[in-house]
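Per-entry structural report
If you want the building blocks of each chain, they are given just below.
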Amino acid sequence: AEAAKQAYQEAMTEATGSLHPASQIRLGLALNYAVFYNEVLRDADSAISLAKSTLEEGQVAMDSLDPVQQQDSLQILQLLSDNLSLWNSGTPGQDGTAVEDM
């Protein structure tokens, strides 16, 4: 788990320095890293902090994206928001990434 955490930290540093705050890649990385914090490391505080800061930065930067990029980014922002709601409610074992039947 420590090697994965280090890899996530390095990837986030690179993404933060080189990608737009509402980039789908940056948002997706942050979503995965937050879920990793919560599910693997059992560190809900770090998961919440990362998800919250990513959500806030991404929302502020949405206006500078074209409509197609906005749509993709909004989907990831919604997942971050859903996870924040779950984690803040203290519901154990749920990370918001479950696949729903259609």
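Residues numbered from 1 in each chain as written. Predicted model: local features only at pLDDT ≥ 70, side-chain atom pairs only at ≥ 80, totals over all residues. Heavy atoms only, no water.

1. Brief notes about the overall build of the chain
How we decide: A run of H or I in DSSP becomes a helix once it reaches four residues, and a run of E becomes a strand once it reaches two; helices and strands are each numbered from the N terminus. For the exposure calls, accessible area comes from a 1.4 Å probe over protein chains only, and a residue counts as buried if that area is under 20% of its type's maximum, exposed if over 50%, partly exposed in between. In this description, contact between two residues means that some pair of their heavy atoms is separated by no more than 4.5 Å. Only the protein chains shown count as cover for residues, and all accessible areas are computed by the Shrake-Rupley method using a 1.4 Å probe.
Broken down by element type, the chain carries four helices and zero strands. Each helix and strand of the chain, ordered N terminal to C terminal, gives the series α-α-α-α. Across the 102 residues of the chain, 34% fall into the buried class. The contacts in the chain between residues at least 6 apart in sequence include a share of 61% that link residues at least 24 apart. Looking at the chain as shown, the accessible area adds up to about 6,200 Å², and 51% of this sits on carbon and sulfur atoms.

2. Focus on the nonpolar core
Basically, it comes down to this: To form a nonpolar core, buried Ala, Val, Leu, Ile, Met, Phe, Trp, Tyr and Cys residues must be joined to one another through side-chain atoms within 4.5 Å.
One finds Met12, Tyr33, Leu50, Ala51, Leu77, Leu80 and Trp87 to be the most contacted residues of the largest nonpolar core, which totals 25 residues. Those elements giving two or more residues to this core turn out to be helix 1 (2-18), helix 2 (24-39), helix 3 (44-61) and helix 4 (67-89). It is helix 2 that provides the largest number of residues to this core, a total of nine residues. Residues within four places of methionine 12 in sequence aside, it is in contact with Leu29, Ala30, Tyr33 and Leu50.

3. What to know about the packing of helix 2 against helix 3
Threshold: For every element, the axis is a line fit to its C-alpha atoms; helices are fit only across the contacting stretch, and the angle between N-to-C directions ranges from 0 to 180 degrees. Relative orientations are named as follows: roughly parallel for angles under 35 degrees, roughly antiparallel for angles over 145 degrees, roughly perpendicular for angles from 65 to 115 degrees, and oblique for any other angle. Crossings are sorted by hand: turned counterclockwise from the far helix by less than a right angle, the near helix makes the crossing left-handed, and turned clockwise it makes it right-handed.
Where helix 2 meets helix 3, the closest approach of the two axes is 7 Å, and the angle between their N-to-C directions is 165°. Taken together, the axes of helix 2 and helix 3 lie roughly antiparallel to each other. For the pair helix 2 and helix 3, the crossing hand works out as left-handed. On helix 3, the residues touching Arg26, Leu27, Ala30, Tyr33, Ala34, Tyr37 and Asn38 of helix 2 are Ala44, Ser46, Ala47, Leu50, Ala51, Thr54, Glu57 and Gly58.

4. Some points on the pattern of salt bridges
Inclusion rule: Salt-bridge detection follows one rule: a side-chain nitrogen of Lys or Arg within 4 Å of a carboxyl oxygen of Asp or Glu.
Taken as a whole, this structure holds two salt bridges when the rule is applied. Between arginine 26 and glutamate 57 there is a salt bridge, and its shortest N-O distance comes to 3.0 Å. Of this pair, arginine 26 sits in helix 2 while glutamate 57 sits in helix 3; the two residues are 31 residues apart in sequence, bridging distant segments of the chain. Put simply, glutamate 39 and arginine 42 hold a salt bridge, and the shortest N to O gap is 4.0 Å. Residue classification places glutamate 39 among the partly exposed positions, given a relative accessible area of 24%. We classify arginine 42 as exposed; its relative accessible area is 62%.

5. Here's the deal with unusual backbone geometry
Phi is positive for arginine 42, which is not a glycine, with a value near 55°. Relative to the helices and strands, arginine 42 resides in the loop between helix 2 and helix 3.

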